[in-house]
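Working through the structure, step by step
One-letter residues, chain by chain:
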Amino acid sequence: MAVVLAAVVVVTLVNWLLAHWWVLLALGAIALLTGGGLLHQRRQNARWEAVRTQGLRYELSQLDALHHTRFEDAVRDLMRRDGCQDALRVGGGGDLGADVKATDPYGRRWVIQCKHRRDGLAGSAVGTPDLQVLNGTARPVHGADIAVIVTNGRVTAPAVVFAEQQRLHVVDRHTLESWASGSRPLWKLLRAVPPPRRPTALS
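Notes on the structure in this doc start here. One numbering rule holds for all chains: residues counted from 1, following each sequence as written. For this predicted model, a pLDDT threshold of at least 70 governs which residues receive local features, and a threshold of 80 or more governs which side-chain atom pairs are given and counted, while totals over whole chains, interfaces and linings are taken from all residues. Side-chain calculation: all heavy atoms of the structure are included, whereas hydrogens and water are not.

Bringing unusual backbone geometry into the picture now. Positive phi, close to 60°, is recorded for Arg167, a residue that is not glycine. Think of it this way: any DSSP run of H or I at least four residues long counts as a helix, any run of E at least two long counts as a strand, and we number them from the N terminus. Within the secondary structure layout, Arg167 lies in the loop between α6 (157-165) and β5 (169-171). With a phi angle near 60°, Ala192 is a residue other than glycine that sits in the positive phi range. When you line up the elements, Ala192 lands in the segment after α8 (186-189).

Written as structure tokens, this is what we have:
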């Protein structure tokens, strides 16, 4: 009985639509307009996001005032501004030393650990143990070409020496200020970054 009833309903509906074919045209037009509107909205949002990231600037006072998770978001957004379209914040419990991952326009994989200090230079310094965590996971676990630690505070002298020995990069408060102001992409502010993985228009 259920099958017969379903068949009757389908036949009735088809006959009604054949008699009222303009309904199909109207529904099709509505679907096209809706789809076109959604597509236009997505493109508009993408354009606004591109404009926002291209003009993104931070003052150190703004970065100091952020919660540590928002500081990670800011670092991600700065990487996107510099052309790393896949920049992603991955920080949190069990992040294994990676707060932000990104691929730059030259094909190099960046793994960034963020150390936010609400008191800036007056906060606790980033030390060798912090860099040891990054060194232990950035390349073997996350596949980094470039491993970076970013802080709005200060870094101890032994940590700087350790970073140089292990081919890690340190973005301290001074470098962060220059980067966040939009002066140059991060890879132009750091020394001894690896060469591009693949030729690009930028290289």
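This paragraph deals with the side chain of Thr69. With respect to the helices, strands and loops of the structure, Thr69 is situated in helix α4 (residues 68-81). Throughout this description, a polar contact denotes any pair of N or O atoms lying within 3.5 Å of each other; where both atoms belong to protein, one of them has to be capable of donating a hydrogen while the other can accept it, and for residues adjacent in sequence the pair is counted only when both atoms sit in side chains. In this structure the side chain of Thr69 is engaged in a polar contact, spanning 2.8 Å, whose partner is the side chain of His67.

Before going further, it helps to examine α4. In this analysis, the expected span of each helix is defined as 1.5 Å times one less than the number of residues it contains. Relative to the 20 Å expected for 14 residues at 1.5 Å per residue, α4 spans 20 Å between its end C-alpha atoms, a close match to the ideal helical length. Summary of the burial criterion: residues with accessible area below 20% of their type's maximum are buried, those above 50% are exposed, and those between are partly exposed, where the area comes from a 1.4 Å probe applied to protein chains only. Counted residue by residue, α4 has eleven buried out of 14 residues, so it is predominantly covered. Within α4, burial applies to Thr69, Phe71, Glu72, Asp73, Ala74, Val75, Arg76, Asp77, Leu78, Met79 and Arg81. At the exit of α4 stands Gly83, carrying a positive phi of roughly 110°.

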